[in-house]
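# Observations on chain architecture
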Amino acid sequence: MMEYADLARNRFPWLAETLWLDRPGAEAAWRLLADAVNEFEDDTDLGRGASYRRAQRNAMVRARGIRSLFTLAAGVATPARIPRDWRLLDVLGGDGLLARVLRTVAPQVVSPAVTSDMAGHMVLEALRGGLPAIRQLAQFLFVRDETMDAVIIAYGTHHIGPEERAAACREAARVLRPGGRLVLHDFEEGAPVARWFTEVVHRHSRSGHPYKHFSAAEMERLIAAADLRPVGVRPVYDPLVVEGDDPREVRAALADYLLDMYGLVGLNGRARAETRDAVWALARRYFTYPDGAGPDRPVVYRRRSTWLAEVPRVALVAVGEK
Ligand SMILES: C[S@@+](CC[C@H](N)C(=O)[O-])C[C@H]1O[C@@H](n2cnc3c(N)ncnc32)[C@H](O)[C@@H]1O
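Nothing here was measured: the structure is a model prediction, and the numbers come from that model.

## Structural notes on the sheet that holds strand 8 (residues 299-303)
The strand order 7-9-8 describes an open sheet built from three strands, whose pairing is antiparallel. Strand pairing shows two members of the sheet lacking a second neighbour, strand 7 (240-244) and strand 8, which therefore form its edges. The mean angle between the axes of side-by-side strands here comes to 25 degrees, regardless of whether they run parallel or antiparallel.

## Here's the deal with the nonpolar core
Of all hydrophobic cores here, the largest spans 103 residues; its most connected members are Phe70, Val151 and Trp196. In terms of residues, this core owes the most to one element, helix 11 (residues 247-261), which gives seven residues. Mapping this core onto the domain boundaries places at least three of its residues in each of domain 1 (2-194 + 206-238 + 315-321) and domain 2 (240-313). Excluding residues within four positions of it along the chain, valine 151 makes contact with Leu88, Leu89, Val91, Ala172, Val175, Leu176, Arg181, Leu182 and Val183.

## Things to note about the packing of aromatic side chains
Aromatic ring pairs are reported here in terms of the distance separating the ring centres and the angle at which the planes meet. Under the definition given, this model contains six aromatic pairs. Ring plane angle 70 degrees and centroid distance 5.6 Å describe the contact between phenylalanine 140 and phenylalanine 142, whose orientation is recorded as edge-to-face. Phenylalanine 142 matches phenylalanine 140 in its accessibility class, with the two residues each being buried. Through pairs of rings, three or more aromatic residues link up here, namely Trp196, Phe197, Tyr262, Tyr286 and Phe287. Looking at arginine 23, its charged tip hangs above the ring of tryptophan 20, at a distance of 5.4 Å from the centre. The ring of phenylalanine 140 carries the charged tip of arginine 23 above its face, separated from the ring centre by 3.9 Å.

## Description of the pattern of salt bridges
Here the structure, examined in full by the defined rule, presents 18 salt bridges. For arginine 174, the salt bridge is made with aspartate 145, and the minimal N-O distance between the two is 2.7 Å. In this pair, arginine 174 is assigned in helix 8 (residues 165-175) and aspartate 145 in the loop between strand 3 (133-135) and strand 4 (148-153), connecting sequence segments 29 residues apart. Aspartate 145 gets classed as partly exposed once you look at its relative accessible area, which sits at 43%. With its nearest N and O atoms 3.3 Å apart, the salt bridge here joins glutamate 321 to arginine 229. Of this pair, glutamate 321 sits in strand 10 (residues 314-321) while arginine 229 sits in strand 6 (residues 229-237); the two residues are 92 residues apart in sequence, bridging distant segments of the chain.

## Examining the packing of helix 8 against helix 10 (residues 216-225)
Across the interface, helix 8 lies against helix 10 with an axial gap of 8 Å and an inter-helix angle of 50 degrees. Taken as axis vectors, helix 8 and helix 10 run oblique relative to one another. Here the hand of the crossing between helix 8 and helix 10 comes out right-handed. Residue-level inspection shows Arg165, Ala166, Cys169 and Arg170 of helix 8 in contact with helix 10, the latter providing Glu218, Leu222 and Ala225. Looking at the contact of helix 8 with helix 10 residue by residue, the class counts come to four nonpolar, no polar and three charged.

## Some remarks on the packing of helix 11 against helix 12 (residues 272-286)
Relative orientation of the contacting elements helix 11 and helix 12 amounts to 80 degrees, with a least axis distance of 9 Å. Classified by the angle between their axes, helix 11 and helix 12 sit roughly perpendicular to one another. Where helix 11 abuts helix 12, its residues Arg251, Ala252, Leu254, Ala255, Asp256, Leu258 and Leu259 lie against Arg272, Thr275, Arg276, Asp277, Val279, Trp280 and Ala283. Among the residues making up the contact of helix 11 with helix 12, the classes are represented as eight nonpolar, one polar and five charged.

## Topic: the domain arrangement of the protein
Split by domain assignment, the protein resolves into domain 1 (2-194 + 206-238 + 315-321) and domain 2 (240-313). Computed over C-alpha atoms only, the centres of domain 1 and domain 2 are separated by 26 Å. In this assembly, 18 residues from domain 1 lie in contact with 20 residues from domain 2. When domain 1 packs against domain 2, the two sides together hide about 1600 Å² of surface, and 54% of this comes from carbon and sulfur. Among the residues domain 1 hides against domain 2, the three largest losses belong to Val61, Pro192 and Tyr237. Together they make up 40% of the total. Summed over the shared surface of domain 1 and domain 2, the number is one salt bridge. Close ionic contact of arginine 313 with aspartate 238 constitutes a salt bridge, the shortest N to O distance being 3.6 Å. By residue number, the principal contributor to the side of domain 1 that touches domain 2 is helix 4 (residues 49-55), which donates four residues. Tallied by class, residues from the side of domain 1 that touches domain 2 come to 11 nonpolar, two polar and five charged.

Calculation notes
Residues numbered from 1 in each chain as written. Predicted model: local features only at pLDDT ≥ 70, side-chain atom pairs only at ≥ 80, totals over all residues. Heavy atoms only, no water. Pairing = 2+ DSSP bridges. Helix = DSSP H or I, 4+ residues; strand = E, 2+ residues; numbered from the N terminus. Axes fitted to C-alpha atoms, helices over the stretch in contact; angles between N-to-C directions. Core = buried A, V, L, I, M, F, W, Y, C linked by side-chain atoms within 4.5 Å. Buried < 20%, exposed > 50% of the residue type's maximum accessible area, 1.4 Å probe, protein only. Domains from an automatic or database assignment. Contact = heavy atoms within 4.5 Å. Phe/Tyr/Trp six-rings, centres within 6.5 Å; stacked < 30°, edge-to-face > 60°. Lys NZ or Arg CZ within 6 Å of the ring centre and 35° of its normal. Salt bridge = Lys/Arg side-chain N within 4 Å of Asp/Glu carboxyl O. Parallel < 35°, antiparallel > 145°, perpendicular 65-115°, else oblique. Left-handed = near helix turned anticlockwise from the far one by under 90°. Nonpolar A, V, L, I, M, F, W, Y, C, P; charged D, E, K, R; others polar. Buried area = accessible area lost by both parts, 1.4 Å probe.

Here's what the structure looks like:
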């Protein structure tokens, strides 16, 4: 803890000022962190951490949905309108994907988003990438009251157990400044992405995927229980998109992304081309949206001189304001 406090003071002085490492209950939280088993730690018997991070090397694959989360979190129409001095905490931050996308889509924002995660490997990778990062549980933040303009809990919220979700939202509300916003993002129970997780990822990954997703009613209850003013719960188009010069290449790259991000090791074992065909066929079966904002199922298409492979996904997103 002391080493981390020194590192934060030296590399991210403004972050060091917001840290509250000795808050009451901190020791129990450290113990929980040390004992926690997490599939994102690394590619061990249970893990998919390294393959997950490999997928995130192309930071722009999920950029469309992430941009929407930023604008909802800042209460603005486009990322260009996010204030320069905006402070964002990304609670399930992994190795800092959202911070990297923020830098690209809102370069005027001076402080990088703070990446927070319970997995030590994820936090180390974010720090290695020069990003401010904290190892902490969503349900116990080592962050002082009213220090953040926005908090995003996204891309993995279903990993927080149903009994811990209210605590995670209360913690987010605690660290928000008055007027600040919490954005809670996940996928609706029973909808295509949740079915992909329970039927495909659960079957073909090392760790399985036995997690409960969300309903709009649960999100509304969580926002209310955190004493935030409800701004609304809405569907957000959140596709996976790869761009390139060649239709076969973009399809192969998106198939590899799906295999790595979801850790679908059970589909391996054949020639790479066959494995890619298998995951693409599954994606076309599951990610179907007849009335969505994008294509009705995964497609490869041309826009002017660029080829795109796109897997449509629709997320469920709640916003609450302090
Ligand atoms: C699917 S990854 C998303 C990472 C990153 N936001 C992205 O989109 O690439 C979910 C992350 O949440 C972290 N996580 C899961 N439950 C958590 C909890 N209760 N507290 C903090 N982090 C948690 C995992 O370690 C993992 O890195």
